[in-house]
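Chain by chain, the residues run as shown.
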Amino acid sequence: MTATATACAPQSSGNSSSDKDEKTGTLRVWLFQEVNNKPKQQVVDETVAAFRKAHKGAEVKVEYIPVETRAQRIKAAFNDPKSAPDVIEYGNTDTAGYVKDGGLADVTRDFTGWSESKDTDPTAKQSVTVDGRIYGAPYFVGVRALYYRTDIFKDLGLEVPKTQAELIATAKRIRAAKPDLYGLAVGGAYTYGAMPFIWSHGGELAQGRGGSYSSVIDSAAAQKGIKAYTSLFGDDNCPAAKCAGMGGNDTVTAFASGKAAMAIGGDFSHQAIEAGKVKGAYAVVPLPGLKSGDIAPAFAGGNNLGVLKSTTHRTLAVDLMKRLASKKTQSELFDAMGFLPTFSDVREQVAAKEPFVKPFVQTLAAGAKFVPASPAWAGIDSSLVLPTMFQQVISGKKDVAAASEEAAKKMNDAFSSAG
């Protein structure tokens, strides 16, 4: 999917580009606070120490901010350059919105001139790109695959599913044999668990049109994928009463606690599952596509680093961004936190070192997908357009055609109002 969203003019005069480029002074950095932040902080502290060594007279103040309140904090920073940081970590689905707000500096020349950038995964690069311009450096990527219970599969004499049809049939077989388990834990509010079903059938969320986007979630191909995903909600797999409201974390929790035989979970879910009841009794494979040997396209989540347009230390800020997003730092962050690197070569190295990473690396190599690079996406996501669509189908209130048409209309309203 090409990033064709139009970068509109900044919404306020407060976030204008600074004409200063000071080579000394204090740089402020905002990074996201993790559940267990200490290992991340140690990696960042080492990177910052090397930066300080290279730039005499430059100081760095790092603040770890809660992910939940990032939107308000970052928006306020765009409008008040005096209190704004120089470098921020941001969710990769936020790129287009932040560009529209006029908050992020265009670093196209800096990024393309950086020797390490040639090994950046294409989907990760797409997540920092709007209208052909680059607004940051990918920091890490997250992708989902199929977790399954090896003990239950052995007990029931089941083969690991090789196609999506086999996956659905296997889920229902497990539920029939073990009615106290979900065959495959699914969630009506789990957008990124549902998307591989839509994408593998040839469906898309939206397509670029005239510098903007129009929704194609109601296309014949997308509707086939919606039907496949929603067929998993029912007493024969994951009862609608329990599963319609579940999100991604809920499905992973169900698997980790032994209530599900399969789940679609991320590389980032590994630690939680290892800490659960199923430790030592599960394995992971890529989520199968329609044909045997195919891998269903997965959503490439993750975070990026960017420089604020208002910085008065542009050269220093760009250098710090590169160091924080470098191969060395990403490799160390993988060791510390399990974050998947955005560089293809570094990813191969960590997969060789840690076997659990392999199915996720295979999934990314098969071609992951991204959301429309539109400032409207954050609103579409937060107003639960797609979960509402799934839930209408699951509850029987609407058929797939009517529910997807309504979702397409809501998406198009959002795209057109975003400009």
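Before reading further, recall that the structure is shown in the block above.
Here is what the cut-offs are and how they apply
- Residues numbered from 1 in each chain as written.
- Predicted model: local features only at pLDDT ≥ 70, side-chain atom pairs only at ≥ 80, totals over all residues.
- Heavy atoms only, no water.
- Pairing = 2+ DSSP bridges.
- Helix = DSSP H or I, 4+ residues; strand = E, 2+ residues; numbered from the N terminus.
- Axes fitted to C-alpha atoms, helices over the stretch in contact; angles between N-to-C directions.
- Buried < 20%, exposed > 50% of the residue type's maximum accessible area, 1.4 Å probe, protein only.
- Contact = heavy atoms within 4.5 Å.
- Phe/Tyr/Trp six-rings, centres within 6.5 Å; stacked < 30°, edge-to-face > 60°.
- Lys NZ or Arg CZ within 6 Å of the ring centre and 35° of its normal.
- Parallel < 35°, antiparallel > 145°, perpendicular 65-115°, else oblique.
- Left-handed = near helix turned anticlockwise from the far one by under 90°.
- Nonpolar A, V, L, I, M, F, W, Y, C, P; charged D, E, K, R; others polar.

**Re the sheet that holds strand β11 (residues 260-266)**
Then comes step 1: Pairing is mixed in the open sheet, where four strands are placed in the order β8-β11-β7-β12. Two strands lie at the open edges of the sheet, namely β8 (182-185) and β12 (282-285), each paired on one side alone. Direction aside, the axes of adjacent strands within the sheet are offset by 20 degrees on average.
Then comes step 2: The sheet contact formed by strand β7 (residues 144-149) and β11 spans five bridges and is antiparallel. Note on β11: the bridge partner recorded for Y147 is A263.

**Digging into the side chain of S214**
Then comes step 1: Locating S214 in the fold gives a position in strand β10 (residues 212-215).
Then comes step 2: Using a relative accessible area of 11% as the deciding quantity, one classes S214 as buried.
Then comes step 3: Excluding its chain neighbours within four sequence positions, the residues that come into contact with S214 are A206, Q207, R209, N412 and F415.

**What to know about the packing of aromatic side chains**
Then comes step 1: With the rule as written, the count across this model stands at 18 aromatic pairs.
Then comes step 2: Geometrically, the ring pair formed by Y147 and F360 is tilted, given 6.2 Å between the ring centres and 50 degrees between the ring planes. A residue pair is termed long-range when its members are at least 10 positions apart, and Y147 in strand β7 and F360 in helix α16 (residues 358-365) qualify at 213 residues.
Then comes step 3: Classification of F360 as buried rests on a relative accessible area of 0%.
Then comes step 4: In textbook terms, an aromatic cluster arises when at least three aromatic residues are bridged by ring pairs, as seen for Y147, F255, Y282 and F360.
Then comes step 5: Above the plane of the ring of W30 lies R73, whose end atom (NZ or CZ) is 4.5 Å from the centre.

**A look at the pairing of strand β13 (residues 301-307)**
Then comes step 1: Of all seven residues making up β13, seven are buried, and the element is well covered by its neighbours.
Then comes step 2: Neither face of β13 is left uncovered, since the one carrying G301, N303, L305 and V307 and the one carrying G302, N304 and G306 both have all their residues buried.
Then comes step 3: Direction of pairing for strand β3 (residues 87-91) relative to β13: antiparallel, over a ladder of five bridges. Paired with I88 across the two strands is G306, which belongs to β13.

**So, the packing of helix α1 (residues 38-54) against helix α13 (residues 314-324)**
Then comes step 1: It is at 10 Å that the axes of α1 and α13 come closest, and there the two elements cross at 140 degrees. Classed by the angle they form, the pair α1 and α13 counts as oblique. Seen from above, α1 lies across α13 with right-handed handedness. Residues V44, T47, A50, F51 and A54 of α1 lie in contact with α13, whose contacting residues are L316, D319, L320, R323 and L324.
Then comes step 2: Of the residues contributing to the contact of α1 with α13, the split by class is seven nonpolar, one polar and two charged.

These results come straight from atomic positions and should not be treated as a statement about function.
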